[in-house]
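Breakdown of the fold
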Amino acid sequence: MNAPVFFLALVFGLHIVAVNLGIALSTIVVFLKRQADIKLDKEIDATAYSFFRIYAATYGLAGVMGTAFTVFLLSFYPGFLGIAGNITMIPFGISIVAILLHFLAIVVYYYGWDKLDRNIHLAFGVLLVLTAYLIPLGFRAVFAFLNTPVGLTLSPKLSLDVLAALQNPTFLPLYLKSVTGALTAGFLFIAALLNHKAVTNGISEEEKSLLRKSLEYAGMGLFAMMFLGAWYSISLAATPIKFNNIFGFLGVNLAAPTTSNYSWLFLLKMVLVAWQGFILFKLYRARLEQQELKSTTILTYSGAAAGLLTIMLGEYLNAFSQYPYLVANAPLILNQLPEPYKTILASELNMEKLNPLAQSPELFLVTAVGLAILMTAAAYLIYKVFFEKGPE
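From a predicted model like this one, the values you see are computed outputs, not experimental measurements.

Looking at the overall build of the protein chain
On a plain count of helices and strands, the protein chain comes out with 14 helices and 2 strands. For 392 residues, the compact-globule estimate of 2.2 N^0.38 gives 21 Å, and the protein chain sits close to it at 22 Å. Per-residue burial over the protein chain gives 50% buried out of 392 residues. Long-range contacts, defined as pairs at least 24 residues apart, comprise 76% of the intrachain contacts of the protein chain with a sequence gap of at least 6. When the 24 basic and 20 acidic side-chain charges of the protein chain are each reduced to a single mean position, those positions are 3 Å apart.

Have a look at this one:
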């Protein structure tokens with residue numbers, strides 16, 4: 001793997017982790033705020049508000065890394081983006097519209113807290129939650145297309161049959177697995193935040209109950225992931241090259257070429273999943289009383305870190321198990337295409353044929369410095385949000 005692809009993967013991984021955190025955080029914030037309004041409970045209201053501040057910070061981090069990823073992708077693979085952008089414009093458009101509405105919901109929900117009419121505020125909360133789940137829907141449709149281009153239409157012009165694309169066998173399991181994984185890691189993260197607060201400032205009975213429920217929800221999510229992960233693996237029969245690149249070196253092969261070996265990444269991800277299961281089992285047996293919470297802090301931190309790392313490795317596994325092609329089934333479909341598509345796509349779908357300017361030493365240096373500044377800013381943001389002030 002060359003350096004530009006490494007940079008691309010780095011910012012993509014950080015972006016995905018931050019985005020996935022938002023799915024669970026936005027859900028729990030709106031739920032808690034509603035509970036606070038119904039019960040007129042100021043403690044629940046304060047907890048929801050502190051989670052929302054953390055969510056706003058992670059959303060900002062996701063936005064910065066997402067912008068960096070988009071710029072890198074456009075710079076490294078302009079030809080591919082030119083083609084893919086036109087073909088997948090509708091699925092991309094769904095996500096882009098959802099992102100715009102989500103940003104609007106964040107702003108209104110944050111600044112309208114206890115200022116707007118409660119029903120209006122709740123309406124923007126519902127919008128916040130719906131768009132959080134709608135954003136990955138469009139992107140997962142694109143990712144499924146990159147597995148195997150179901151719905152690709154060549155005549156009268158290169159385009160996408162959206163209804164056919166949504167029937168891509170890898171789309172639904174990929175989307176459901178992604179959302180469930182995000183909720184699992186997110187609730188582990190929320191449990192770690194509450195455990196941190198319990199040790200530093202103490203927590204209320206409501207927050208202790210939320211901590212317990214967060215662990216239960218994470219456990220249910222992890223259990224569901226066993227079935228959703230198996231479903232996605234089976235669906236990869238439609239993408240045999242990708243299947244072989246993940247499972248081939250484990251002794252399971254389909255009738256297709258094997259272009260790379262990422263079995264080790266799959267095994268590493270499974271180790272992290274098993275670690276989360278072990279931690280949840282240990283915490284489930286704990287009573288989580290005030291004194292005991294001091295001893296469970298490391299466990300909840302470790303569970304949250306393992307959950308977020310699992311998301312990152314899962315994305316890397318999904319993306320790089322088709323390496324070196326941007327479309328996993330490219331070697332199987334290219335020979336079936338007429339000219340000039342066959343020649344054009346054979347070049348543009350190869351990840352190793354990136355923009356020559358990306359290999360320039362000067363550009364490499366500028367990119368490395370820019371990323372260093374970006375990572376420093378992100379580290380400072382994390383320090384300010386999680387360590388200096390701490391959750392309220």
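Anyway, onward from the coordinates.
Things to note about unusual backbone geometry
The general pattern is negative phi for most residues beyond glycine and trans for most peptide bonds. Going from Tyr323 to Pro324, the amide bond is cis rather than trans, its omega being 10 degrees. Its place among the elements puts Pro324 in the loop between α11 (290–320) and α12 (330–333). Here Asp114, not a glycine, exhibits a phi torsion of approximately 60 degrees, which is positive. Checked against the element boundaries, Asp114 lands in the loop between α4 (89–111) and α5 (118–147).

Some details on the packing of helix α1 (residues 3–39) against α5
For the pair α1 and α5, interaxial distance at closest approach is 10 Å and the crossing angle is 155 degrees. One finds that α1 runs roughly antiparallel with respect to α5. Crossing of α1 over α5 shows left-handed handedness. On the side of α1, the interface is formed by Phe12, Ile23, Ser26, Thr27, Val30, Lys33, Arg34 and Asp37, while α5 contributes Arg118, His121, Leu122, Gly125, Val126, Leu128, Val129, Ala132, Tyr133, Pro136 and Phe143. Looking at the contact of α1 with α5 residue by residue, the class counts come to 11 nonpolar, 4 polar and 4 charged.

Regarding helix α7 (residues 171–200)
Relative to the 44 Å expected for 30 residues at 1.5 Å per residue, α7 spans 43 Å between its end C-alpha atoms, a close match to the ideal helical length. The buried fraction of α7 amounts to 25 of the 30 residues, a majority that puts the element mostly inside the structure.

Re α1
Its 37 residues place the ends of α1 54 Å apart at the C-alpha level, agreeing with the 54 Å of an ideal helix rising 1.5 Å per residue. Of all 37 residues in α1, 26 are buried, a share of seventy percent or more. Looking at the residues trailing α1, positive phi occurs at Leu40, about 55 degrees.

Section: the packing of α4 against α5
Where α4 contacts α5, the axes come no closer than 7 Å and their chain directions differ by 155 degrees. In terms of their interaxial angle, α4 and α5 are classed as roughly antiparallel. As for the relative orientation of α4 and α5, their crossing is left-handed in sense. Looking at the contact of α4 with α5 residue by residue, the classes come out as 20 nonpolar, 6 polar and no charged.

Remarks on the nonpolar core
In terms of nonpolar packing, the biggest core is built from 99 residues, with Ile28, Phe51, Phe52, Tyr77, Phe80, Leu128 and Leu211 touching the most fellow members. It is α1 that contributes the most residues to this core, 16 residues altogether. Counting 5 residues, the second largest nonpolar core, distinct from the first, contains Ala141, Ala144, Phe171 and Val179.

What about the pattern of salt bridges?
Evaluation of the coordinates by the stated rule reveals 7 salt bridges. Of the charged contacts, one joins Lys33 and Asp37 as a salt bridge, the two residues approaching to 3.3 Å between their closest N and O atoms. Placement of both Lys33 and Asp37 in helix α1 is noted, with a separation of 4 residues, approximately one turn of the helix. The same class applies to Lys33 as to Asp37, namely buried. Across the pair Lys208 and Glu205 runs a salt bridge whose closest N-O atoms are separated by 3.4 Å. On the criterion of helical spacing, the pair formed by Lys208 and Glu205 is a turn pair, its members being 3 residues apart in helix α8 (residues 205–235). Its relative accessible area of 15% is what places Lys208 among the buried residues.

Observations regarding the side chain of Ser214
Following the sequence through the fold, Ser214 ends up in helix α8. When sequence neighbours within four positions are dropped, the list of residues in contact with Ser214 reads Phe187, Ile190 and Ala191.

Brief notes about the side chain of Thr88
With respect to the element layout, Thr88 can be found in the loop between α3 (78–87) and α4. A distance of 2.5 Å separates a polar side-chain atom of Thr88 from the backbone oxygen of Ala84. Contacts of Thr88, omitting those with residues within four sequence positions, involve Val142, Phe145 and Leu160.

Topic: empty space enclosed by the protein
If you walk through the whole model with that rule in mind, you get 4 cavities of 30 Å³ or more. By volume, the largest cavity is sized at about 140 Å³. Lining the largest cavity are 14 residues; nearest its centre among them are Ile87, Phe145, Val327, Leu345 and Leu349. Listed by contribution, the elements that provide at least two residues to the lining of the largest cavity are α3 and α5. The element that contributes the greatest number of residues to the lining of the largest cavity is α3, accounting for 4 residues. A breakdown of the residues in the lining of the largest cavity according to their chemical character gives 13 nonpolar, 1 polar and no charged.

So, how was this worked out
- Residues numbered from 1 in each chain as written.
- Predicted model: local features only at pLDDT ≥ 70, side-chain atom pairs only at ≥ 80, totals over all residues.
- Heavy atoms only, no water.
- Helix = DSSP H or I, 4+ residues; strand = E, 2+ residues; numbered from the N terminus.
- Rg over C-alpha atoms; globule rule 2.2 N^0.38 Å.
- Buried < 20%, exposed > 50% of the residue type's maximum accessible area, 1.4 Å probe, protein only.
- Contact = heavy atoms within 4.5 Å.
- Lys, Arg positive; Asp, Glu negative; His and termini not counted.
- Charge placed at Lys NZ, Arg CZ, Asp CG, Glu CD.
- Axes fitted to C-alpha atoms, helices over the stretch in contact; angles between N-to-C directions.
- Parallel < 35°, antiparallel > 145°, perpendicular 65-115°, else oblique.
- Left-handed = near helix turned anticlockwise from the far one by under 90°.
- Nonpolar A, V, L, I, M, F, W, Y, C, P; charged D, E, K, R; others polar.
- Expected span 1.5 Å × (residues − 1).
- Core = buried A, V, L, I, M, F, W, Y, C linked by side-chain atoms within 4.5 Å.
- Salt bridge = Lys/Arg side-chain N within 4 Å of Asp/Glu carboxyl O.
- Polar contact = N/O pair within 3.5 Å; in protein donor to acceptor, adjacent residues only side chain to side chain.
- 1 Å grid on protein atoms, 1.4 Å probe; cavity = no way out; pocket = protein on both sides within 12 Å on 5 of 7 lines; lining within 4 Å.
- Points joined across faces, edges and corners; volume = space filled by probe spheres on them.

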